[in-house]
Each structure stands twice: as structure tokens, then as C-alpha cells.
Amino acid sequence: MLKNEIEKLTLLFEEHSNEENAEPMKKYMKDHFPFLGIKSPLRKELEKTFFKETGILNGPFDKDLVTGLWEKEEREYHYTAITYIGKFAKKLPKDVVSFLERLITTKSWWDSVDSIAPLVGELARKYPEVIKETIDIWAVDENIWLRRTAILFQLKFKQQTNEDLLYDYIVKNADSQEFFIQKAIGWALREYSKTNPLSVKAFIEENKLAPLSIREGSKYLS
């Protein structure tokens with residue numbers, strides 16, 4: 001059954017592939033992944049068709065489906081895998097965090113990681129112990145994508161943001177020379193500044209951050 005589902009999506013996607021779109025999409029992602037050339041609006045419509053025709057959203061969450069899609073080369077399949085996980089975001093069991101870790105650390109780039117981070121956030125809301133058990137470890141891991149996820153998982157938490165935790169992760173990564181870490185720090189601070197601008201302003205003034213992080217984090221501050 002699983003093989004048939006992936007074959008159905010493959011046929012659907014290949015039918016709508018577009019070579020003219022594929023090359024610039026690949027270039028935009030720095031040639032890390034091949035693309036079928038299906039732009040986001042069309043892909044989302046095709047995903048709806050796929051989910052409706054297969055009925056897979058009515059069944060239990062299927063890690064094997066996600067793994068099968070992740071093993072395919074073209075990036076659109078990875079996006080659909082993340083969309084599928086998102087449909088179950090509020091129902092996922094705590095132990096799926098190790099599965100998400102595997103996705104974060106394979107075929108990694110900002111586009112997939114930044115889409116998985118909110119799913120980690122949903123798990124952390126439901127199972128706060130995941131923070132100490134796992135995300136604390138990610139925040140200082142050698143893998144930059146796990147560290148980026150730790151910094152960004154609270155991005156949409158607004159008033160529910162654990163400020164001490166956010167700042168702790170940022171301080172632990174403040175001396176990183178990695179662009180994607182510096183950018184994540186700035187993005188997290190910028191987003192939180194919409195909720196607590198005075199706190200973010202004070203934090204930026206009191207801590208040594210990379211110029212990129214300061215620039216990004218200060219965008220909404222007067």
C-alpha cells in the first residue's frame with residue numbers, strides 16, 4: 001500500500017513537472033537538490049489531491065511514508081513529507097522527536113529545517129520535557145541544523161515564549177561563525193521583539209552578538 005501511495009504521488013508530480021522552473025529552483029537552493037519544477041502554489045494543490053485520493057490523512061501517522069518520500073531525490077517530495085507531518089502535528093507522540101531529528105540532519109538545508117522547527121515547537125508545547133531531554137542537547141550540538149532548530153522552535157510562541165531558554169540558546173551560540181546560526185539568532189530576536197521589544201533591546205545591548213544577528217534582531221526596534 002505504501003509503495004502504491006508513493007507511486008501515485010510520483011506520477012502526479014511528474015505529470016506536472018516543469019523543466020523551465022526546475023533549474024532556477026535548484027539554483028536558488030545553491031544546487032543542493034534537484035527539483036521537478038513544481039512551484040509552491042501548484043504543489044500545495046497537488047498535495048491536496050494526493051491526500052484526498054489516497055485517504056492517508058484518515059489513518060495513523062506513517063513514518064514509513066515520510067521516509068520513503070525523504071529518500072527520493074527531488075526536493076518537492078521532501079516538502080510534501082513535511083506537509084504530511086504537519087497534518088498530524090497536534091497528535092504526534094513524544095518519541096517522534098528522534099524521527100524529526102533524523103529529518104533535520106539528513107538532506108539538510110534551511111528550507112526543510114525551518115519547516116520542521118515549528119513541528120518541534122508543537123511537540124515541545126505538548127510535551128515540555130522534550131526541551132530538557134532533547135532540545136537542550138541540540139542547542140550545543142555540532143550539527144548546525146540542530147542548533148538552528150533549537151533557536152527557532154519557539155519562533156511563533158509569542159507570549160508563551162520561554163524567554164530565559166531563548167536567550168540561553170542564543171548566548172551559547174553567539175560566537176558561532178556560521179551564517180545560518182547568526183541569521184537564526186537575528187530572526188528569533190526579531191520575531192520575539194514583536195512581543196517584548198524592551199527585553200530584546202536590552203538583550204542585544206547587553207550581549208556580544210554578531211553584526212548580522214544584531215541587524216536582523218533590531219529591525220523592529222526603535
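Predicted model, so just to flag it, every value in this text is computed and none were measured. (Residues numbered from 1 in each chain as written. Predicted model: local features only at pLDDT ≥ 70, side-chain atom pairs only at ≥ 80, totals over all residues. Heavy atoms only, no water.)

**Considerations on the overall build of the protein chain**
Here is the rule: Secondary structure follows DSSP: runs of H or I at least 4 residues long count as helices, runs of E at least 2 residues long count as strands, and numbering of each begins at the N terminus. Atoms counted for the radius of gyration: C-alpha only. Globule rule: 2.2 Å times residue count to the power 0.38. Relative accessibility under 20% of the residue-type maximum defines a buried residue, over 50% an exposed one, and the middle range a partly exposed one, all with a 1.4 Å probe and only protein chains included. Here a residue-residue contact requires only that any non-hydrogen atoms of the pair lie within 4.5 Å. All accessibility values rest on the Shrake-Rupley procedure with a 1.4 Å probe; residue burial counts only the protein chains present in the view.
Looking only at helices and strands, the protein chain features 13 helices and 0 strands. Mapped in sequence order, the helices and strands of the protein chain form the string α-α-α-α-α-α-α-α-α-α-α-α-α. Taken against the 2.2 N^0.38 rule, which gives 17 Å for 222 residues, the C-alpha radius of gyration of the protein chain at 19 Å falls within 12% of a compact globule. Considering only C-alpha atoms, the protein chain reaches an extent of 55 × 40 × 30 Å along its principal axes. Taken over 222 residues, the protein chain has a buried fraction of 50%. Taking contacts inside the protein chain between residues at least 6 apart in sequence as the whole, the part at least 24 apart equals 70%. When the accessible area of the protein chain is evaluated, it comes to approximately 11700 Å², of which 51% is carbon and sulfur surface.

**Quick look at the packing of aromatic side chains**
To be explicit about the condition: Paired rings are identified among Phe, Tyr and Trp, the last through its six-membered ring, by centres lying within 6.5 Å, and are further divided according to the angle between planes into stacked (under 30 degrees), edge-to-face (over 60) and tilted (the rest). Here, a charge over a ring means that NZ of Lys or CZ of Arg falls within 6 Å of the ring centre while also lying within 35 degrees of the ring normal.
Under the defined criterion, the tally for this structure stands at 16 aromatic pairs. With a centroid separation of 5.7 Å and 45 degrees between ring planes, the pair formed by Phe50 and Phe51 is classed as tilted. Of the two residues, Phe50 and Phe51, neither departs from the other in class, the shared state being buried. These aromatic residues form a ring-pair network of at least three members: Phe50, Phe51, Phe61, Tyr84, Phe88 and Phe99. In this structure, Arg75 is placed above the aromatic ring of Phe33, and the distance from its NZ or CZ to the ring centre is 3.7 Å. Its end group placed over the ring of Phe157, Arg125 keeps NZ or CZ at 4.0 Å from the ring centre.

**Digging into the layout of surface pockets**
Empty space among the atoms becomes apparent when a probe as large as a water molecule is rolled across them. Quick reminder of the rule: Cavity means a closed set of points on a 1 Å grid over the protein atoms alone, one where a 1.4 Å probe fits but cannot get out, pocket means an open set with protein on both sides within 12 Å along at least 5 of 7 lines, and lining means a residue has an atom within 4 Å of a point. Grid points are joined across faces, edges and corners, and a volume is the space filled by probe spheres set on the points.
Of the volumes computed, that of the largest pocket is approximately 300 Å³. Around the largest pocket, the lining comprises 15 residues; the ones closest to its centre are Ser40, Arg43, Tyr79, Asp111 and Ser115. Put simply, the parts of the chain that give the lining of the largest pocket at least two residues each are helix H2 (19-28), helix H3 (40-54), helix H5 (75-87) and helix H7 (110-126). Per-element accounting of the lining of the largest pocket gives the leading share, 4 residues, to H3. Quantified by volume, the second largest pocket comes out at close to 190 Å³. Forming the boundary of the second largest pocket are 13 residues, of which Ala117, Pro118, Leu119, Phe153 and Lys156 lie nearest the centre.

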